[in-house]
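A look at the structure
Next come the chains, spelled out residue by residue.
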Amino acid sequence: MDMMINVTKTFLPPFDEYAAVLKRAWDKGWITNNGELVRELEEKLEQYLGVKHLLFCNNGTIALQIALKALNIKGEVITTPFSYVATTGAILWENCRPVFVDIDEKNFCIDAAKIEASITENTTAILATHVYGYACNVEAIEKIAHKYKLKVIYDGAHAFGTNYKGRSVLSYGDISTCSFHATKLFHTAEGGCIITNDDKLAETIRLYHQFGHIGDEHFCVGINGKSSELHAALGLCNLNYIDAILASRKQQWLYYKTFLQHTSLQLLEVTENSPFNYSYFPVVFETETLLLEIIAALKEKEILPRRYFYPSLNTLPYIQYQPVPVSESIAKRVLCLPLFYELGSVIQHNIVQAILKVHRQQSL
Ligand SMILES: *Cc1c(COP(=O)(O)O)cnc(C)c1O
């Protein structure tokens, strides 16, 4: 059923362009282990994002795990319950305890004003997500981290293209990570990166992602976080289209906004100066019942939005429950509408009409 409209559709460059870049790896007979394409992608991404050190790796989850490891994070990590499961998963995987701080009702990121109350003598770090690509309150977070000597990691999986005060939001924190998964705004099929401004830390991260050794010299225990020339080639091709991708997202985002803003539905409040890349269009409905009815109505039109993020991560069955009411409430009522490069206004119009129809009936 290729008529189905999903919440996202992977951007693919013309195949010939991919083949031409890939041929460079073929000609050399070199397809992984820090090849020429990986290095070129890292350099181009550093330039594009304006960051000092960027390490390309095989996904955004290993990027988080390596970040926690490289900063030697132990004990309790203050984090957001409103994110993809990988954010909490990485903390647990590194044998740390996630301490959930509730989110800001308006932009869905961790509520910086509530962080201090959750800090204990066991707290070592803050791991926050730039939710839907909207930047966290990085200044307030940095202030708290400085006061309590905590490390800061940003899960910037959605934040490619988001700028804050004239620079990429991925340049903030001790470490920022990004995901280049096929569903993300910029992608390499599978992939991710780790970003830091610290030279020493960058070296450690590079070592960790290649088993802890350089040639025959072994320094520490490591993991395999490397990606390949095949993935880097896709990234190099996609990077040529990034401005067009960002521009089309913004246009589609504003289209949805035009038709949904004069309703009682809660949308992300965004202005020209907001630290945002327009990568997701979340809609918060009044009730979960209404949300389920909307999903059913859209499904009839073969449109599949996504309950993203759902459930609130503090309710995961394998961790001890900590109440975070705002996150739990939003997670039950939020839907991300389809948003991707080739999404046309005809489909967007259908989506808007289907939502408004159910919403009007409910409000009568
Ligand atoms: C996609 C995503 C990840 C995981 O990235 P992968 O590349 O799929 O491992 C982590 N955090 C958030 C917020 C994400 O959306």
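Definitions and limits used
Residues numbered from 1 in each chain as written. Predicted model: local features only at pLDDT ≥ 70, side-chain atom pairs only at ≥ 80, totals over all residues. Heavy atoms only, no water. Helix = DSSP H or I, 4+ residues; strand = E, 2+ residues; numbered from the N terminus. Buried < 20%, exposed > 50% of the residue type's maximum accessible area, 1.4 Å probe, protein only. Domains from an automatic or database assignment. Contact = heavy atoms within 4.5 Å. Buried area = accessible area lost by both parts, 1.4 Å probe. Salt bridge = Lys/Arg side-chain N within 4 Å of Asp/Glu carboxyl O. Nonpolar A, V, L, I, M, F, W, Y, C, P; charged D, E, K, R; others polar.

1. Some remarks on unusual backbone geometry
- Cis peptide bonds are those with omega within 30 degrees of zero, and the linkage from Tyr308 to Phe309 qualifies with 5°.
- Here Phe309 is to be found in the loop between strand S15 (303–304) and helix H10 (325–333).
- The step from Tyr310 to Pro311 runs through a cis peptide bond, and the omega angle for that step is -5°.
- Following the sequence through the fold, Pro311 ends up in the loop between S15 and H10.
- Positive phi values are uncommon outside glycine, yet Ala189 reaches one of about 75°.
- Assignment of secondary structure puts Ala189 in the loop between strand S9 (175–179) and strand S10 (192–196).
- When its relative accessible area of 30% is taken as the criterion, Ala189 is described as partly exposed.
- Despite not being glycine, Phe211 shows a phi value in the positive range, around 65°.
- Tracing the sequence through the fold places Phe211 in the loop between helix H6 (199–208) and strand S11 (213–214).

2. Considerations on the domain arrangement of the protein
- What the domain assignment lists for the protein is domain 1 (15–239) and domain 2 (242–363).
- Here the C-alpha centre of domain 2 lies 25 Å away from the C-alpha centre of domain 1.
- On the side of domain 2, 35 residues touch domain 1, which itself brings 39 residues to the contact.
- Interface area, domain 1 with domain 2, both sides summed: about 3,200 Å², of which 66% is carbon and sulfur.
- Sorting the residues of domain 1 by area buried against domain 2 places Tyr132, Tyr134 and Leu185 first, and these three jointly supply 24% of that buried surface.
- Joining domain 1 to domain 2, the criterion identifies 0 salt bridges.
- Breaking the side of domain 1 that touches domain 2 down by element, the ones donating at least two residues are helix H4 (85–93), strand S4 (97–100), strand S7 (163–164) and helix H7 (229–239).
- No other element matches the 4 residues that S4 contributes to the side of domain 1 that touches domain 2.
- Its residues assigned to classes, the side of domain 1 that touches domain 2 shows 22 nonpolar, 11 polar and 6 charged.

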